[in-house]
Amino acid sequence: IENLEYCNFDPDPLKIDELRIKQNSIGVNFLDIYHRKGNHFKNIKLPGIIGVEGIGVIEDKHASVKEFRVGEKIGYPLNIGAYTTHRNINKNACISMPDALDDITLAGSLMKGLTVSHILYDIIKVKSGDVILWHAIAGGVGLIACQWAKYLGAKIIGTVGSDEKIDLVKKFGCDYVINYNKQLASQKVREITNGDLCDAVVDGVGSFTWLDSLKSVKPYGKCITFGLASGQLPNFSFEQIPSESYITRATVGSIIENRKFLIKNSDKYLNALMNKIITPRIDTIFDLKDVSLAHEILEKRKNIGSIVLKP
């Protein structure tokens, strides 16, 4: 954390297909912590700017850009270089954002909302009556997932790391809440489902929960990893995979790499926001210069909901 330094710099001249954005709000994600520590961070020259998500207004654009206009509000997920007041970015990374939605809500939920949309619609293909176990449901992704999956008719079992988070998570629609520091989720899941287990298990915690996640999914169910908050997945053998179940890894990168896929999931996410299907909870807003405090809270998983930076 001590290597995060607030300083001045000048953006480079705009290149073909680039926009210059004045940023209004910046999302904080666990991926930022991985990057700060040097994990998944091979393509940046140090010193560099981390952060992958922001909302802002276009101040300038290269003459080659026809799709966007100066003054338009845009957002972007998964494009490194977000922790700054102004930045250049390729037009294909950006999505037009409705003025009716406030910047803090968008910055606290864009990448998280796209992640949830991808997992619920593209991977689980959730149906009414499905039972879903979602680990770390008190985080920004988890609270969005809880509301959205509940709207689609699923029964939600969530895990948290402390009892203090239980009541609030239930207010967001979670049917059952398990403190995974006190009880193995698989044991409680078996009790809740009368031994039927879950149609889908979504695990963003990683090392601490993964082997137990494998014990919580029913035959022909899906066990999905999408984050490694507690560390890399432990080694596991083929025999530990539940019979007739499916294991996969969900990434926002799969959405970003295909423009049509990005727009499809963005439309779902923005529609869910506009129609109050999901109401993201913003835990804390920090000044950009205080980013180290934001990282400390997120890394220790003290937050309930999203953390946002204001440039």
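S.K.: So what's going on with the overall build of the protein? Which residues, and what values?
M.R.: Each helix and strand in the protein was counted, giving ten helices and 13 strands. Here the C-alpha radius of gyration of the protein, 19 Å, is about what a compact globule of 311 residues would show, namely 19 Å. The principal-axis extent of the C-alpha atoms belonging to the protein is close to 60 × 40 × 35 Å. Put simply, the protein has 311 residues, and 52% of those count as buried. In the protein, 67% of the contacts between residues at least 6 apart in sequence involve partners at least 24 apart. Summed over its atoms, the accessible surface of the protein is roughly 14,600 Å², and 50% of this surface lies on carbon and sulfur atoms.

S.K.: Lay out the side chain of Asp122 with the relevant residues and their values.
M.R.: Along the chain, Asp122 turns up in helix H3 (residues 110-124). A polar contact of 3.2 Å, which involves the side chain of Asp122, links it to the side chain of Lys264. In terms of polar contacts, Asp122 uses its side chain to reach the side chain of Asn265, at 3.4 Å. If we skip the residues at most four places from it in the chain, Asp122 touches Ser117, Phe261, Lys264 and Asn265.

S.K.: Break down the packing of aromatic side chains for me, with residues and values.
M.R.: Scanning all chains against the criterion turns up five aromatic pairs. On the numbers, 5.8 Å between centres and 70 degrees between planes, the contact of Tyr121 with Trp148 is edge-to-face. Of this pair, Tyr121 sits in helix H3 while Trp148 is found in helix H4 (residues 140-151), placing the two residues 27 residues apart along the sequence. Owing to a relative accessible area of 29%, Tyr121 belongs among the partly exposed residues under this scheme. Geometrically, the ring pair formed by Trp210 and Phe236 is tilted, given 5.9 Å between the ring centres and 55 degrees between the ring planes. Highlighted residues: Trp210 in helix H7 (residues 210-214) and Phe236 in the loop between strand S10 (217-225) and strand S11 (246-249), separated in sequence by 26 residues. Under the relative-accessibility criterion, Trp210 is labelled buried at 0%. Taking relative accessible area as the criterion, Phe236 reaches 31% and is therefore assigned partly exposed. Cation over ring: Arg87 sits above Tyr76, and NZ or CZ is 4.8 Å from the ring centre. Sitting over the face of the ring of Tyr121, Lys268 holds its NZ or CZ atom 5.1 Å from the ring centroid.

Thresholds applied
- Residues numbered from 1 in each chain as written.
- Predicted model: local features only at pLDDT ≥ 70, side-chain atom pairs only at ≥ 80, totals over all residues.
- Heavy atoms only, no water.
- Helix = DSSP H or I, 4+ residues; strand = E, 2+ residues; numbered from the N terminus.
- Rg over C-alpha atoms; globule rule 2.2 N^0.38 Å.
- Buried < 20%, exposed > 50% of the residue type's maximum accessible area, 1.4 Å probe, protein only.
- Contact = heavy atoms within 4.5 Å.
- Areas by Shrake-Rupley, 256 points an atom, 1.4 Å probe, with all protein chains shown as cover.
- Polar contact = N/O pair within 3.5 Å; in protein donor to acceptor, adjacent residues only side chain to side chain.
- Phe/Tyr/Trp six-rings, centres within 6.5 Å; stacked < 30°, edge-to-face > 60°.
- Lys NZ or Arg CZ within 6 Å of the ring centre and 35° of its normal.

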